[in-house]
There are 2 protein chains.
Amino acid sequence: MMIMRKLFHERLDQLAAQLDDMVVLVEKAMRDATTALFAADPAVAESVITGHGDVRARQAAVDETALELLAREQPVAGDLRTIVACLRMSTDLRRMGKLAVHVAEIARDRDPATPVPAPLWETARSMSDRALALVAQAVAAGDAASAALLEHDDDQVDQLQQELYRRLLAGTPGVAVEVAVELALIGRYYERYADHAVDLGRGVAYLTGGNALDATVGTV
Amino acid sequence: MMIMRKLFHERLDQLAAQLDDMVVLVEKAMRDATTALFAADPAVAESVITGHGDVRARQAAVDETALELLAREQPVAGDLRTIVACLRMSTDLRRMGKLAVHVAEIARDRDPATPVPAPLWETARSMSDRALALVAQAVAAGDAASAALLEHDDDQVDQLQQELYRRLLAGTPGVAVEVAVELALIGRYYERYADHAVDLGRGVAYLTGGNALDATVGTV
């Protein structure tokens, strides 16, 4: 029985390692998409778009491992919730990868002669920087303090998004309709990316011994 | 043992009934948000926004039932995948409810004197009608033909979104920047709502005996 437990925990470690690989891949995708957007580099944008198949394949692999563990090991209590948390985290990570694709699509298709307009650059750049930083914070979220910081920084992303919208809606001089539409969507993509990073952080906090998931996965 | 199985299947029926209730609630939320948007009715919009707490509470209840079933009944094979499918469907439904809130927020905050502009009304209205209809189709998706139709109609939503974007980017006369930004976001919300409806349909197809989930939840 002890050996079975040991094997089970080795499989759980494998699941965690698969998630770590997804985090690296997805973080790089959004970082590259952001570079492509601000440096107007369509080749980098294209690589993010074509790379998404790998993210999807890795999510399928995580889900397969998780389902297999649920079926074969019949875990209860903490182990059960750990596996369900991993299933949720793989879904968050795939969505984050898809949001990177959406940013990359705008970066690829936009006219390189029309970069992000100067009056909005600072806000858009602060927003993307902050959203990107959240993933590293999410992975490090092992205690209540880190989790609280994560929520705080996500609020800052939301505020930057609201500032971007206010400026767009106020009709910033020199910003054409098509640029305003692109920037509104970009703002939305980074906001959602940050939201998923917070969800990811809650999962990490749970896996590393916190209780942050209790409210969302019931009381079993 | 037969009695245990019977009880287990009663709990599964309960889970399905909880999901049905969520579908009714979420579909009404998006229908009301759409009415609020096109009829410029801020009171209806407000009711959608305040009603979202109920959607969240119901998702928590679905998840609790699902986790309890996983822990107590130790299901394998089909039963296991059914429960995991229900967990995914509850997440889809909560997100759909949140998208209705986003549409309602725009409907509440926009100037009632500036309705959806006439040249874009038809496209926006076709898109929202189609997206709303997808949920009923998703719930009915019990066979391969319905599932294929669902994908086809979701493609139409995507095409309408692209048409809306093209018109916005071409600078439709009489459409101010702030209206263009709002419509771009609204287009994105309905597109995501439709995507989640397709995911929901895949879940329903699986629960009613199809195999559509095989590709996404592994081969256990």
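Going by the structure above, here's the rest.
Computed from a prediction, not measured in an experiment: that's the story for all the values here. (Residues numbered from 1 in each chain as written. Chains lettered and ligands numbered in written order. Predicted model: local features only at pLDDT ≥ 70, side-chain atom pairs only at ≥ 80, totals over all residues. Heavy atoms only, no water.)

Observations regarding the packing of helix α5 (residues 144-169) of chain A against helix α6 (residues 177-207) of chain B
Packed helices, taken two at a time, are described by their axes: the angle between them and the distance between them. At a closest axis distance of 8 Å, the pairing of α5 of chain A and α6 of chain B adopts a crossing angle of 135°. One element, α5 of chain A, and the other, α6 of chain B, form an angle in the oblique class. For the pair formed by α5 of chain A and α6 of chain B, the contact residues are Y165, L168 and L169 of chain A on the first element and V177, E178, V181 and L185 of chain B on the second. (Axes fitted to C-alpha atoms, helices over the stretch in contact; angles between N-to-C directions. Helix = DSSP H or I, 4+ residues; strand = E, 2+ residues; numbered from the N terminus. Parallel < 35°, antiparallel > 145°, perpendicular 65-115°, else oblique. Contact = heavy atoms within 4.5 Å.)

Quick look at the packing of aromatic side chains
All names here are of chain A. If you walk through the whole model with that rule in mind, you get two aromatic pairs over all chains. Between F38 and W121, the aromatic rings sit 4.9 Å apart at their centres with planes inclined by 75°, giving edge-to-face as the arrangement. Residue F38 is located in helix α1 (residues 2-38), and its partner W121 is located in helix α4 (residues 118-139); the two are separated by 83 residues in the primary sequence. The ring of F38 has R125 lying over it, and the distance from NZ or CZ to the ring centre is 4.6 Å. (Phe/Tyr/Trp six-rings, centres within 6.5 Å; stacked < 30°, edge-to-face > 60°. Lys NZ or Arg CZ within 6 Å of the ring centre and 35° of its normal.)

Considering the environment of V157 of chain A
Residues and elements named next belong to chain A. If you trace the backbone, V157 turns up in helix α5. Residue class for V157 comes out buried when judged on its relative accessible area of 0%. Beyond its immediate stretch of four places on either side in the chain, V157 contacts M127, R130, A131, L134, Y190, E191 and A194. (Buried < 20%, exposed > 50% of the residue type's maximum accessible area, 1.4 Å probe, protein only.)

Details of the interface of chain B and chain A
Each partner contributes to the interface: chain B provides 35 residues, whereas chain A provides 35 residues. Between chain B and chain A, a total of about 3100 Å² is buried, with carbon and sulfur atoms accounting for 65% of that surface. The tally of links between chain B and chain A comes to two salt bridges. R88 of chain A serves as the salt-bridge partner of D63 of chain B, at 2.7 Å between the closest nitrogen and oxygen. (Buried area = accessible area lost by both parts, 1.4 Å probe. Salt bridge = Lys/Arg side-chain N within 4 Å of Asp/Glu carboxyl O.)

Let's talk about the relation of the copies chain B and chain A
Expressed as a screw operation, the relation of chain B to chain A combines 0.1 Å of axial shift with a rotation of 180°, fitting to an RMSD of 0.0 Å. Taken together, the turn and the small shift mark the pair as related by a two-fold rotation axis. Taken as a fraction of all interface residues of chain B, those also at the interface in chain A reach 100%, which identifies the copy contact as same-surface. (Least-squares fit on C-alpha atoms with pLDDT ≥ 70 in both.)

Observations concerning the packing of α4 of chain A against helix α6 (residues 177-207) of chain A
Residues and elements named next belong to chain A. Following both chains from N to C, one finds α4 and α6 inclined at 20°, their axes separated by 8 Å at the closest point. Our classification of the angle between α4 and α6 gives roughly parallel. Crossing of α4 over α6 shows left-handed handedness. Facing L120, M127, S128, A131, L132, L134, V135, A138 and V139 of α4, the residues of α6 in contact are L183, G187, Y190, E191, Y193, A194, A197, L200, G201 and V204. Looking at the contact of α4 with α6 residue by residue, the class counts come to 15 nonpolar, three polar and one charged. (Left-handed = near helix turned anticlockwise from the far one by under 90°. Nonpolar A, V, L, I, M, F, W, Y, C, P; charged D, E, K, R; others polar.)

Quick notes on the pattern of salt bridges
Pairing of side chains with opposite charge becomes possible as their charged atoms draw close. Evaluation of the coordinates by the stated rule reveals 34 salt bridges over all chains. The salt bridge involving R58 of chain A is made with D21 of chain A; its shortest N-O contact spans 3.9 Å. Here D21 of chain A lies in helix α1 and R58 of chain A lies in helix α2 (residues 42-73), a separation of 37 residues in the sequence. Residue R130 of chain B is joined to D153 of chain B by a salt bridge in which the shortest nitrogen-to-oxygen separation is 4.0 Å. Here the residue R130 of chain B occupies a position in helix α4 (residues 118-140), and D153 of chain B occupies one in helix α5 (residues 144-169), the gap between them amounting to 23 residues. Look at D153 of chain B and you get buried, because its relative accessible area is 8%. Among the charged side chains, a salt-bridge network with shared partners connects R11, E68 and R72 of chain A.

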